[in-house]
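Chain and residue survey
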Amino acid sequence: MKINKLKLTIISVTAVLFVFLVFLFYQMAQSSSTSSLTTLLMLIIGLALGGGIAYLATRNSASAAVITESSHTIAESMRKVFKIVSAEGHFNEIYNYEETTKLLKFFPSKKKALVIVQAKVLVGYDFDKLKWELDEENRRVRLLEFPAPEILSTETDYKYYNIEEQFFNLFSKEDLAKIQQNGKRQVIEAAQKSNLPNIAAEQMRTLLTELLAGRNISLENPVKISESRKLLNDYSIKN
């Protein structure tokens, strides 16, 4: 309703301006010092200015677009897990992508992009893989097998810089997906070589020791936790 009133006001003002210009140019036409051609030219300019002002005003007052959204969420599977996060790392990976092809096997065509991959990596343990036994008489817990720390999740954000492409060699959706996948793989490899496994193992050893001590139970061989920190388990990039 407010938009319609604004349009009506603009149209009314434009009409008044038009009448005023016609009257003004008519008076000028009666004067012997102004030629009829000049009067006609000034009239056209005035009408063009008035029309341009009216167009710009009505264009900016257009009604907002109507957006319709819909989504369908399907839960594929749910299951109980016992996974504990014991270390968190933040990484900034600079990934440079460059591809050169030749048009007609002669003319080189290049496209390249510089991508900053910002990632948060959570490392922890899957206790479903833990094997232990309890000595109730001596109140001790003996670790039989302790799993290696895993990358439980990665949260990544991609910022593209310095994107260059040529007309016959443009970035496709597949190219961008490959760039993001390769950048994420580099982050995971950096996390595997970082100090995160050591931090995760020390945190887990402290957690288990204090948790069992609260129940007057001792941890017999915590060295198995330290041994497991040497290598992160393989982590699927698709996760």
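My aim in this report is to walk through the structure given alongside it, one point at a time. Owing to the predicted nature of the structure, the values given are computational and were not obtained by experimental measurement. Counting restarts for each chain: residues are numbered from 1 in the order of the written sequence. Note on the predicted model: pLDDT of at least 70 is required for a residue's local features to be given, and 80 or more for side-chain atom pairs to be given and counted; whole-chain, interface and lining totals, by contrast, use all residues. As a rule here, side-chain values cover all heavy atoms of the structure and leave hydrogens and water aside.

**Re the packing of aromatic side chains**
In plain terms, the rule: Only Phe, Tyr and Trp rings take part, Trp by its six-membered ring, and two of them pair if their centres are within 6.5 Å. Stacked means planes under 30 degrees apart, edge-to-face means over 60, and tilted covers everything else. Every helix listed is a DSSP run of H or I at least four residues long, and every strand listed is a run of E at least two residues long, numbered separately from the N terminus. Between buried and exposed lies partly exposed: a residue is buried under 20% and exposed over 50% of the maximum accessible area for its type, with that area taken using a 1.4 Å probe on protein chains only.
The final tally for this structure, using the stated rule, is three aromatic pairs. The interplanar angle of 75 degrees and the centroid separation of 6.5 Å between the aromatic rings of Phe127 and Phe146 together place this pair among those described as edge-to-face. One end of the pair, Phe127, is in the loop between strand 2 (107-126) and strand 3 (131-135); the other, Phe146, is in the loop between strand 4 (140-145) and strand 5 (150-164), with 19 residues separating them in the sequence. In terms of burial, Phe127 and Phe146 fall into one category: buried. Every member of this aromatic cluster is reached through a ring pair, and the members are Phe82, Tyr125, Phe127 and Phe146.

**Some details on the environment of Ile84**
Applicable threshold: Only heavy atoms enter the contact rule, under which two residues are in contact if any of them lie within 4.5 Å.
Inspection of the secondary structure puts Ile84 in strand 1 (residues 83-103). Taking C-alpha positions, Ile84 is 8.8 Å from Met204, a pair spaced 120 residues apart along the chain. Beyond its immediate chain neighbours, meaning those up to four positions away, Ile84 contacts Gly124, Tyr125, Phe127, Leu152, Met204 and Leu207.

**Notes on the nonpolar core**
Spelled out, the test is: Residues grouped as a nonpolar core are buried Ala, Val, Leu, Ile, Met, Phe, Trp, Tyr and Cys residues, joined through side-chain atoms within 4.5 Å.
Ranked by internal contacts, the top residues of the largest apolar core, which has 32 residues, are Val121, Tyr125, Phe146 and Ile225. Secondary-structure elements contributing two or more residues to this core are strand 1, strand 2, strand 4, strand 5, helix 3 (173-193) and helix 4 (196-213). At seven residues, the largest contribution of residues to this core is made by strand 2.

**Topic: the sheet that holds strand 4**
To keep it simple, the criterion reads: Strands were regarded as paired on the criterion that DSSP finds at least two bridges between them.
In spatial order, the strands read 3-4-6; together these three strands make up an open sheet with mixed pairing. Looking at strand neighbours, the two that pair on one side only are strand 3 and strand 6 (218-219), the edges of this open sheet. By the bridge criterion, two bridges tie strand 4 to strand 6 in an arrangement that is parallel. Looking at strand 6, one finds that Arg140 is bridged to Ser218.

**Brief notes about helix 4**
Just so we agree on the cut-off: Residue count minus one, scaled by 1.5 Å, sets the expected span of a helix. What the arc covers is the set of directions going from the helix axis to the C-beta atoms.
Here helix 4 contains 18 residues, and its C-alpha end-to-end distance of 26 Å stays within 8% of the 26 Å for a straight helix at 1.5 Å per residue. Within the sequence span of helix 4, burial applies to Leu196, Pro197, Ala200, Ala201, Met204, Leu208 and Leu212. Relative to the axis of helix 4, the buried residues are bounded by an arc of 130 degrees and lie together on one face.

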